[in-house]
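# Overview (structure and organization)
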Amino acid sequence: MIPPAFDYARPSSVDEAVRTLADAGEDAKVLAGGQSLLPLMRLRLAFPELVVDVNRIPELRGVREDGDTLVIGAMTTHHDVIADPLVRRHAGLLAAATSTVADPAVRHRGTLGGSLAHADPAGDLPAVVLVMDGELVAQGPRGRRTIPAREFFVDYLQTALEPDELLVEVRIPKADGWGFRYEKFHRIAQAWPIVGVAALVRRDDGHIAEARVALTNMGTTPLRASAAEEALSGAGDPEAVARAAQEAAQGTRPSRDTSASPEYRAHLAQVLTKRAVLAAAGMG
């Protein structure tokens, strides 16, 4: 299907992009890698009057260190996230989960910031950034502001970004010393996960000192499995992990669609949480 007619702008700086968005108001959409926006436009599920292409803004790409934090430009592609030595060394969960996104063609075009700003609860990366206590930096006419991941995802395909704001970077605390795993279940390769689980585990004296677990596609936003996290504290063997994983779906509201019922999604959340935590803790 052919999308409706739209105007097109290609700013060369963040300031110019922000001015363009501010002038257009809610009638504009940002084009990053295009892997989410363009299909929606072709299906006429999105029909912006103005498309703002930010692909020619070099300051939006790349990875750097800022003390105990990695700063990743919003336009950094999935491929570059996977290959970056800083990400692989200090944020292995992000690299591992990103390597499962779609297929190589999509990973070479799609961007970290685009995936997060799209805010699809079935996307792999929102849950990963949430479990890593990431922060998202937006720039608008009033300057820059930092939004914790737990506040960034508001509802289905909705974020805390204002219409005149541009996501410019993602800040990920280094996870040195933490075990990690991303598990997901999908019926066919490269499809959206029916359920996904991102796990970070820190062990001390043979027991789990702290566990973080976030869920993909178990609600209208990515979610932390708080009850399971609490139950995992102190677990020292696979049986204890299995019992704690039974709490993974507590407080979630998974949807019913052609892929799965809410009950089946809850079952998958339990199974995948057990697998992910056992692997992250080195108990698998």
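As the structure is a prediction and not an experimental result, all values here were calculated from the model. (Residues numbered from 1 in each chain as written. Predicted model: local features only at pLDDT ≥ 70, side-chain atom pairs only at ≥ 80, totals over all residues. Heavy atoms only, no water.)

## Side note on the overall build of the protein
Here is the rule we go by: Numbered from the N terminus, helices here are DSSP runs of H or I no shorter than four residues, and strands are runs of E no shorter than two. Here the globule rule reads 2.2 Å times residues to the power 0.38, and the radius of gyration is calculated from C-alpha atoms. Each residue is assigned to one of three classes by its accessible area relative to the maximum for its type, calculated with a 1.4 Å probe on protein chains only: buried under 20%, partly exposed between the two thresholds, exposed over 50%. The contact criterion used is simple: two residues touch if any of their non-hydrogen atoms lie within 4.5 Å. Per-residue and other accessible areas follow the Shrake-Rupley method at a 1.4 Å probe size, with only the shown protein chains counted as cover for residues. When charges are tallied, Lys and Arg are placed among the positive residues and Asp and Glu among the negative ones, while His and the ends of the chain are skipped. Charge coordinates come from a single atom per side chain, which is NZ of Lys, CZ of Arg, CG of Asp or CD of Glu.
In terms of helices and strands, the protein carries twelve helices and 14 strands. Its C-alpha radius of gyration of 19 Å places the protein within 12% of the 19 Å reference for a compact globule of 284 residues. Based on the C-alpha atoms only, the size of the protein along its principal axes is roughly 60 × 45 × 35 Å. Expressed as a percentage of its 284 residues, the buried residues of the protein come to 52%. In the protein, the proportion of contacts linking residues at least 24 apart, taken out of those at least 6 apart, comes to 62%. Of the roughly 13,200 Å² of accessible surface on the protein, a fraction of 47% belongs to carbon and sulfur atoms. Both charge centroids of the protein, one from 31 positive and one from 37 negative side chains, sit 5 Å from each other.

## Observations concerning the layout of surface pockets
As a reminder, the rule being used: Method remark: on a 1 Å grid restricted to protein atoms, a set of points is classed as a cavity if a 1.4 Å probe fits but cannot get out and as a pocket if it is open with protein on both sides within 12 Å along at least five of seven lines; lining residues have an atom within 4 Å of a point. Grid points are joined across faces, edges and corners, and a volume is the space filled by probe spheres set on the points. Here the nonpolar group is Ala, Val, Leu, Ile, Met, Phe, Trp, Tyr, Cys and Pro; Asp, Glu, Lys and Arg are the charged ones; every other residue, Gly included, is treated as polar.
Roughly 400 Å³ of volume is contained in the second largest pocket. Around the second largest pocket sit 23 residues that line it, and Ala122, Asn217, Ser255, Asp257 and Arg265 are the ones nearest its centre. Of the residues in the lining of the second largest pocket, the class split is eleven nonpolar, seven polar and five charged.

## So, a negative patch on the surface
Put simply, the rule is: Patch membership requires over 30% relative accessible area and the absence of a salt bridge. Like charges are linked within 9 Å, and nonpolar side chains (Val, Leu, Ile, Met, Phe, Trp, Tyr) within 5 Å. Take a side-chain nitrogen of Lys or Arg and a carboxyl oxygen of Asp or Glu: if they are within 4 Å of each other, that pair is a salt bridge.
On the surface, Asp7, Glu26, Asp27 and Glu49 cluster together into a patch of negative charge. Tracing the sequence through the fold places Asp7 in strand β1 (residues 7–9). For Asp7, a relative accessible area of 54% puts it in the exposed group.

## Regarding the pattern of salt bridges
All told, the structure shown has 17 salt bridges when counted by the stated rule. Note that Glu65 and Lys174 form a salt bridge whose closest N and O atoms lie 2.6 Å from each other. In this pair, Glu65 is assigned in strand β4 (residues 63–66) and Lys174 in the loop between β10 (166–173) and β11 (179–185), connecting sequence segments 109 residues apart. Across the pair Arg145 and Glu165 runs a salt bridge, and its minimum N-O distance is 2.7 Å. Placement of Arg145 in strand β7 (residues 143–148) and of Glu165 in the loop between β9 (158–159) and β10 is noted, with a sequence separation of 20 residues between them.

## Quick notes on the nonpolar core
Applied cut-off: We call a set of buried Ala, Val, Leu, Ile, Met, Phe, Trp, Tyr and Cys residues a nonpolar core when their side-chain atoms join them within 4.5 Å.
Counting 39 residues, the largest nonpolar core has Val87, Leu94, Leu116 and Met132 as the members making the most contacts within it. Tallying contributions element by element places helix α8 (residues 124–131) first for this core, with six residues. When residues no more than four places from it in sequence are discounted, the contact partners of Met132 are Ala91, Leu93, Leu94, Ile172, Pro173, Ala175, Leu200 and Arg212. The next biggest cluster of nonpolar side chains, apart from the first, holds 29 residues, and it includes Val197, Val201, Ala211 and Ala249.

## Things to note about the packing of aromatic side chains
In plain terms, the rule: The criterion for an aromatic pair is that two Phe, Tyr or Trp rings (for Trp, the six-membered ring) have centres within 6.5 Å, with stacked assigned to planes under 30 degrees apart, edge-to-face to planes over 60 apart and tilted to the rest.
One pass over the structure, following the stated rule, counts two aromatic pairs. Seen from their ring centres, Phe152 and Phe153 are 5.1 Å apart, and the 90° between their planes marks the pair as edge-to-face. Between the aromatic rings of Phe185 and Tyr264, the centroid separation amounts to 6.4 Å while the plane-to-plane angle is 90°, which identifies the pairing as edge-to-face. Placement of Phe185 in strand β11 and of Tyr264 in helix α12 (residues 262–280) is noted, with a sequence separation of 79 residues between them.

## Considering the sheet that holds strand β12 (residues 195–204)
The strands that make up a sheet are held in pairs by hydrogen bonds between backbone atoms, and each pair lies either parallel or antiparallel. For the record, the criterion: At least two bridges found by DSSP between two strands are what make those strands a pair. Every axis corresponds to a line fitted to the C-alpha atoms, with the helix fit spanning only the stretch in contact, and the corresponding angles, defined between N-to-C directions, vary from 0 to 180 degrees.
As summarised here, the arrangement of the four strands in space is β11-β12-β13-β14, forming an open sheet in which the pairing is antiparallel. Two strands in the sheet have a free side with no partner beyond their single neighbour: β11 and β14 (223–224). Judged from the nine bridges that link them, β12 and strand β13 (residues 207–216) form a sheet pairing that is antiparallel. Along β13, the bridge assignment pairs Leu200 with Arg212. Of the strands in this sheet, β11, β12, β13 and β14 are in contact with α8, which crosses β13 at around 150°. Most of the contacts of α12 go to β12, to which it runs at about 35°, and overall it touches β11, β12 and β13.

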